[in-house]
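Summary of the model geometry
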Amino acid sequence: LEQLEGERASGTSALEGLRRELVSAQNEREDARRTRDRLANEFAEARQRFERGQPQLAENRRRLGNVEDALARAQAEAAEERRARERCHLETMRATEKLR
């Protein structure tokens, strides 16, 4: 009888250990599910932000292209004005030489 009581006690002890492991595994599974759901939501939100940003990105690229074109035109005009000033300066120098 004592032997059976000991086996029952050890069986109960093992059963309690298995129950604790089961609860622990269930908690871990629930944590993993919550993490998966959170990541899925974050991914969905990021995708929505990306899709909303696409038209703005295209508009910003178009505007950047316009600004770059305007800069190139302004640089070309500045170079042309610089050459014109140099020509005027040379002509002034020649006229001054002739007047002497």
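Quick look at the overall build of the protein chain now. Across its full length, the protein chain holds one helix and zero strands. Rg of the C-alpha trace for the protein chain: 41 Å, well past the compact-globule value of 13 Å for 100 residues, more than 25% over. Considered along the principal axes of its C-alpha atoms, the protein chain spans approximately 140 × 30 × 5 Å. Among the 100 residues that make up the protein chain, the fraction classed as buried is 2%. Between the centroid of the 22 positive side chains of the protein chain and the centroid of its 21 negative side chains there is a distance of 10 Å.

Our next topic: a positive patch on the surface. A contiguous patch of positive charge on the surface is contributed by Arg82, Arg83, Arg85 and Arg87. Its relative accessible area of 52% is what places Arg85 among the exposed residues.

On to the pattern of salt bridges. Tallying each qualifying case throughout the model produces eight salt bridges. In this structure, Glu16 and Arg19 form a salt bridge, with 2.9 Å as the shortest nitrogen-oxygen distance. In this pair, Glu16 and Arg19 both sit in helix H1 (residues 2-99), three residues apart, roughly one turn of the helix. The partly exposed category is assigned to Glu16, whose relative accessible area is 33%. By relative accessible area, Arg19 is classed as partly exposed at 44%. Here Glu42 and Arg38 are joined by a salt bridge, their closest N and O atoms 3.0 Å apart. Highlighted residues: Glu42 and Arg38, both in helix H1, separated by four residues, approximately one helical turn. Salt bridges here are not isolated pairs; linked through shared partners, they connect Glu30, Asp31, Arg33, Arg34, Arg36 and Asp37.

It is worth spelling out the environment of Cys88 at this point. One can find Cys88 in helix H1. Among the residues examined, Cys88 registers a relative accessible area of 47% and is labelled partly exposed. The sequence separation of Cys88 and Leu39 amounts to 49 residues, and the corresponding C-alpha distance is 69 Å.

With 98 residues, H1 should reach 146 Å at 1.5 Å per residue; the first-to-last C-alpha distance of 136 Å fits that figure. Gln54 marks the point of greatest bend in H1, at about 35°, and the proline Pro55 comes within the next four residues.

With that settled, the discussion passes to the environment of Leu71. For Leu71, the position within the fold is in helix H1. Classification of Leu71 by relative accessible area gives partly exposed; the value is 49%. Leu71 sits 26 residues away from Glu97 along the chain, and the two C-alpha atoms are 39 Å apart.

Definitions and cut-offs
Residues numbered from 1 in each chain as written. Predicted model: local features only at pLDDT ≥ 70, side-chain atom pairs only at ≥ 80, totals over all residues. Heavy atoms only, no water. Helix = DSSP H or I, 4+ residues; strand = E, 2+ residues; numbered from the N terminus. Rg over C-alpha atoms; globule rule 2.2 N^0.38 Å. Buried < 20%, exposed > 50% of the residue type's maximum accessible area, 1.4 Å probe, protein only. Lys, Arg positive; Asp, Glu negative; His and termini not counted. Charge placed at Lys NZ, Arg CZ, Asp CG, Glu CD. Patch = residues over 30% accessible without salt bridge, like charges linked within 9 Å, V, L, I, M, F, W, Y side chains within 5 Å. Areas by Shrake-Rupley, 256 points an atom, 1.4 Å probe, with all protein chains shown as cover. Salt bridge = Lys/Arg side-chain N within 4 Å of Asp/Glu carboxyl O. Expected span 1.5 Å × (residues − 1). Bend = angle between axes of the 7 residues up to and from the residue.

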